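Chains, contacts and geometry: an overview
So the chains spell out like this:
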Amino acid sequence: MASSEIHDDFIPGKKLLVHAAENGRSFDFDCDQSTTVESLQRSIEKIFGLPVCDQFLLCLDRKLEPHRNLSFYRLPSDDREVFLFNRPRLHPDSPPPPPEKLPSFKSQDPSLNSSVRDDHPLDEAPDPALKALPSYERQFRLHFQRGQAIFSITQSKFEASRRFLMEQWVQQRAMETARGSMDQGYRVVQSQFCEFIKLYSLQHRHHSELLQGFAGTIERLRGCVLHPALQTESRKCLLDFVKEDHLRKVAESCANSHRQFEVKVSQFKSSFGELKRRVEDLGLDRVHASLKDLEAAIKDHQKYLAEQKSIMQSLSKDVNTVKKLVDDCLSRQISSSLRPHDAVSALGPMYDVHEKNNLPQLQACETAIDDLLAVATAKKNETNLFVHGFMQKVVTVQSVIRDIRLQFPAFTEAMDRQSDLFLDLAILRGIAPAYRACLAEVIRRRSSMKLYMGKAGEYAEKLARDREAEVTRRGEFLRTHVRFIPRDALAAMGLFDSPKPCEVNVAPFDTGLLDIDFQELERFAPEQMAGSVSRGSSSSVSERPELDDSVCVSGTSKLEVENAQLRAELASAIARICSLSMMEVGEDESADEEKVSGLLRDAAEKTEKALVLKDEFAEHLRSALRMKEAQCSSYEKRIQELEQRLAESYREARGDSKSESECKSGVSGDGEVNMPEANVGEAMEEAESKVKQSREGGDESMVDFSDPAKNLVDAPMAEHPQPSGDKQPTSGGEDLESELKAAVDQILSLQLDLEASRKLLEESQMNCAHLENCLHKARQEAQTNLCAADRRASEYNSLRSSAIKLRGLFERLRGCVAASGGIAVFVESLRALSLSLASSSKDDEDEGLREFRACIRVLAEKVSFLSRQRSELIDRCSALESTNGKLSKEMAEKKELVKSLYSKLQIEKQGSKEKISFGLLEVHELAAFVLNSGGHYVAINRSHSNYYLSTESVALFVDNLPARPAYITGQIVHIERQVVKPGSGSGQADAMSSDSATMASGSLGSTAPPNPYGLPLGCEYYIVTVAMLPDSVLSQTS
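This text gives an overview of the structure that appears in the document. The residue numbering used here restarts from 1 in each chain and proceeds along that chain's sequence as written. Local features in this predicted model are restricted to residues of pLDDT 70 or higher, and side-chain atom pairs are both shown and tallied only at a pLDDT of 80 or more, whereas totals for entire chains, interfaces and linings draw on every residue. To get the side-chain values, all heavy atoms of the structure are used, and hydrogens and water are removed first.

Quick look at the overall build of the protein
The following threshold applies: The way it works is that DSSP assigns letters per residue, a run of H or I at least four long becomes a helix, a run of E at least two long becomes a strand, and they are numbered from the N terminus. For every residue, the accessible area obtained with a 1.4 Å probe (protein chains only) is divided by the maximum for its type, and the residue is called buried under 20%, exposed over 50%, and partly exposed between those limits. Note on definitions: a residue-residue contact is assigned when non-hydrogen atoms from the two residues lie within 4.5 Å. Per-residue accessibility takes into account occlusion by the displayed protein chains alone, with areas from the Shrake-Rupley method and a 1.4 Å probe.
When you go through the protein residue by residue, the secondary structure sums to 19 helices and 10 strands. Of all 1038 residues assigned to the protein, the portion counted as buried reaches 34%. Partitioning the contacts of the protein with sequence separation of at least 6, the portion at a separation of at least 24 is 78%. As presented, the protein carries roughly 63,100 Å² of accessible surface, and 53% of it is formed by carbon and sulfur atoms.

Quick look at unusual backbone geometry
At Arg 74, a residue that is not glycine, the phi angle is positive and equals roughly 60°. In this fold, Arg 74 is placed in the loop between strand S4 (62–63) and strand S5 (82–86).

Structural notes on empty space enclosed by the protein
Test applied: Lining residues are those with an atom within 4 Å of a point, where the points come from a 1 Å grid over the protein atoms alone and group into cavities, where a 1.4 Å probe fits but cannot get out, or pockets, open sets with protein on both sides within 12 Å along at least five of seven lines. Grid points are joined across faces, edges and corners, and a volume is the space filled by probe spheres set on the points. The residue classification treats Ala, Val, Leu, Ile, Met, Phe, Trp, Tyr, Cys and Pro as nonpolar and Asp, Glu, Lys and Arg as charged. All others, Gly included, are polar.
By the definition in use, this model includes 7 cavities of 30 Å³ or more. Around the largest cavity, the lining residues are Ala 21, Glu 22, Leu 84, Phe 85, Asn 86, Arg 89, Leu 90, Pro 97, Asn 384, Val 387, His 388 and Met 391. Secondary structure elements with two or more residues in the lining of the largest cavity: S5 and helix H6 (340–421). Per-element accounting of the lining of the largest cavity gives the leading share, 4 residues, to H6. Of the residues that constitute the lining of the largest cavity, the class distribution is 7 nonpolar, 3 polar and 2 charged.

Observations concerning the nonpolar core
Note the following rule: For the purposes of this section, nonpolar cores are sets of buried Ala, Val, Leu, Ile, Met, Phe, Trp, Tyr and Cys residues that join through side-chain atoms within 4.5 Å.
By size, the foremost hydrophobic cluster in this structure holds 51 residues, and its most contacted members are Phe 85, Phe 196 and Leu 275. For this core, the secondary-structure elements that each account for two or more residues are S5, helix H2 (128–212), helix H4 (244–281), helix H5 (285–330) and H6. Of all the elements, H2 adds the most residues to this core, at 17 residues. Every residue in contact with Phe 196, bar those within four places of it in the chain, is listed here: Val 265, Phe 268, Phe 408, Phe 411 and Met 415. One finds Leu 226, Val 250, Ala 251 and Ile 574 within the second-largest nonpolar core, a separate group that totals 35 residues.

Description of helix H18 (residues 951–960)
Put simply, the rule reads: Directions from the helix axis toward the C-beta atoms define the arc.
Turning to H18, its buried residues number three or more, namely Ser 953, Val 954 and Phe 957. Taken down its axis, H18 places every buried residue within 100° of arc, on the same side. Set apart from the buried face of H18 by more than 90 degrees, the exposed residues are Thr 951 and Asp 959.

As for the environment of Ala 507
Relative to the assigned elements, Ala 507 resides in the loop between helix H8 (487–493) and helix H9 (518–524). As for Ala 507 and Met 453, which are separated by 54 residues in sequence, their C-alpha atoms are 9.8 Å apart.

Concerning the packing of aromatic side chains
To be explicit about the condition: Pairs were defined over the aromatic rings of Phe, Tyr and Trp, the Trp ring being its six-membered one, requiring ring centres within 6.5 Å. Orientation was assigned from the angle between planes: stacked under 30 degrees, edge-to-face over 60, tilted for the rest. For a Lys NZ or an Arg CZ to count as sitting over a ring, it must be within 6 Å of the ring centre and within 35 degrees of the ring normal.
The final tally for this structure, using the stated rule, is 18 aromatic pairs. Their ring planes at 70° and their centres at 6.4 Å tell us that Phe 196 and Phe 408 sit as a pair that is edge-to-face. Within this pair, whereas Phe 196 is found in helix H2, its partner Phe 408 is found in helix H6, the two being separated by 212 residues in sequence. Phe 408 carries the same exposure label as Phe 196, and that label is buried. Look at Phe 261 and Phe 411: their rings are 6.3 Å apart centre to centre, the planes differ by 50°, and that puts the pair in the tilted class. You can see Phe 261 sitting in helix H4 and its partner Phe 411 sitting in helix H6, a full 150 residues away along the chain. By relative accessible area, Phe 411 is classed as buried at 11%. The ring of Phe 72 is capped by Arg 68, whose NZ or CZ atom sits 4.0 Å from the centre of that ring.

Structural notes on helix H1 (residues 37–48)
Stated precisely, the cut-off is as follows: Here the expected span of a helix is defined as 1.5 Å times the quantity of residues minus one.
Between its first and last C-alpha, H1 extends 16 Å over 12 residues, near the 16 Å set by a 1.5 Å rise per residue. If you check which residues of H1 are buried, you get Val 37, Leu 40, Gln 41 and Ile 44. Each buried residue of H1 sits inside an arc of 100° when the element is viewed along its axis, so together they form one side. Considering only its buried residues, H1 is in contact with strand S1 (15–20), strand S2 (26–30), strand S3 (55–59) and S5.

Structure, rendered in structure tokens:
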């Protein structure tokens, strides 16, 4: 299991580093990847003394679960560390951590060392200089030992300061880890909160619009009359589709629920705002800056250690020097050049340097390190307190995050309930768009049916043309091959069969559709009723399928087919716009809003592009039309020139070929010339008619264009036959006839070109008209949108001016409210404001301004009335206070009188009814006790003399009287029977009766010492507890 949890790039370490977040201390644990977290916690318990249940381990924002192996968290690893948190310290009411305890830095005094006081052989030397050398050696060694002690203490203090700094860095990393774990949960909650607020804002805006537009929607539905085909006795308008009373109750319930849910969400927002503020307040910058300063101070104080080290090196060198001198003197190896007196004189300044410079400098360095340690200790204590408070805040924030996270399902469910509650209002709002969409769908289906039937006819004609082409091809094939193959063989091959005609029959459909057009659509379901989305912003035109230029629907012109298609597309766009208005019913509102905005944006862009393309194509068609017109005019001129040249050539040719013998018919030359002209005109008309017939026939028949030329030449020849005999026509006539034939061919080709150009011109004109129509519609829609935009701009300006006026009025009202001077000034300023508003009112004002002026007037009247009532109430209150003071004094006097009378009455009743009992004592009776010689109060009783007053009662009377009384009178509240027994630690209490056990305030028991009254063994005695009488204190003090 452990091996499967380790990733390929995980390199396990040998030790696991655990840091205590409470104080920053760190410990190493020998473990491997198969070690469980629970085993690690037991090891931590042995070292830290913290129970397993109180341990909380974190590693890289993740909590370590006890049942997991360390390999699950990629531990142990050299680049990962584990932080230990003390659970009891995380509670808000947990005590702060104790201050840091510094270790003892005392060292032994070097002067007490025996080696310093040891005797030396040179102490008995006769030379004073030699006697001084051992003394210098002892002093130098003592200086070195003192410096060594100071240096070691300074190093220990410096290491303690560094340890405190390292522990604070560990604590900062622990806080960052805890903050990271908290931030992870906060980011999740923040993401959920942002998503919730986004959804709530959309839902709140949608529901607010539903509630605000409820009355207007009701009126629009009431004013929208149904189509006559849809009207019944109980259904005349769109409002009859729903129950108005039920909807009004639903709207009222929705309004209450809307306000309540808005209050809840505002409270939830404030809770999250408080959480956000708490998260932002958890900053670590101050701690980081403080640690940086401390780290810089520690680095700066390293120079003191370096200075002490150099001083110690100098002291050690001096000790070695004096020791060598002493050893040389002992071995008598001192050189002649260095005498003992010179050595002693050289050691004196060195001693002074030690005493006056080195040792004080060591002390100064130690003092600087002491100050550093004090600063580090103070900062460590501050960090401990900061960590304690920081972790408590983190735990508090995490609990708040958990509470907020648990509230999201409740708010989501509440939003769903709100959506279900507002469903009826949303459906009410979608009735009008749905009705308009249905009528538009009827128009679309009617247009689509016509398109469907047209396409069916088109397909039928195409199949018929294909069948005729196939029949022609088969006939040509048989005519070609029937001469070579017998007919029976061809029949056996099945080559005489022909394709059957195809009939396309479309059954009637959509026969029950309403007979409605766009005019009736705008009449029964106007655009303003369907919503705020305008028809001109639809992008459905961009999805329009292109018409094939080769389509020729049977019985329907191309323009009508395109018109039907455009009508279908317009109806589809209207239905789509209405569907966009209904998207809010039962769908995701955010997605719908984005979809609607995207569609509108795309529609605006595509409409703009379509208008530009229309303008460009219209200009192109106009230029093509001008070119074709110029080409047609040139063709007409060319035809006229060719006709004129043909007539002149024919006259000249006929005039040269005639002879006088052929002119016996008596016809004049003019008639001979005019005759061919007439024949030429007739031949040309016949050629044009044949050309037209060839165009109407299409591909079924071809026209021989050489026949008109032949007829054109043969017609005059038939009327003027050639002379008999072997005479042949001249060469000039033959040339003329060939030129004539070429001219006729050219004329026919020009006429064909002219006809094609004319057809192209007609199609261009139709396309231009269509484009002009589309451009006109686009301009109308643009004009409509512009008018709507102007209207909305004017409405916005009016609303803005009204808002500015209202703001000014609110500012004046705020000035009245905020005016200093008390209630009287406020009333007067409000009354002046009301009069000013009433005098400045106009007839053409907005309804809101009029209502505001009326409210201010009513408010001024109410405030004036309340001010008058307040002044009257103040006067009444002052009068009542004076009256109340008098009555209070009288009441106090009468109360004192009643008390005195009541006390007298009680005394009289007690004197008349209550008497002191001298027989068997019982509870609630009066008893008198006198002080005997033993210092005890014994009851005056005839039947039994062993009634003693309890110590509590005696103490009660003694405390309330100035001196110990000789007798005590009181009311019995408890009697306790006791018997003197041998060896008993105390008397044995025995209750006499249930009535004598306690009073209402509880039983009072007393435990007496053994035989306090000196009675014989087996004797019975009673301990009586009494209460003070009202007149006891007065009578005894008197």
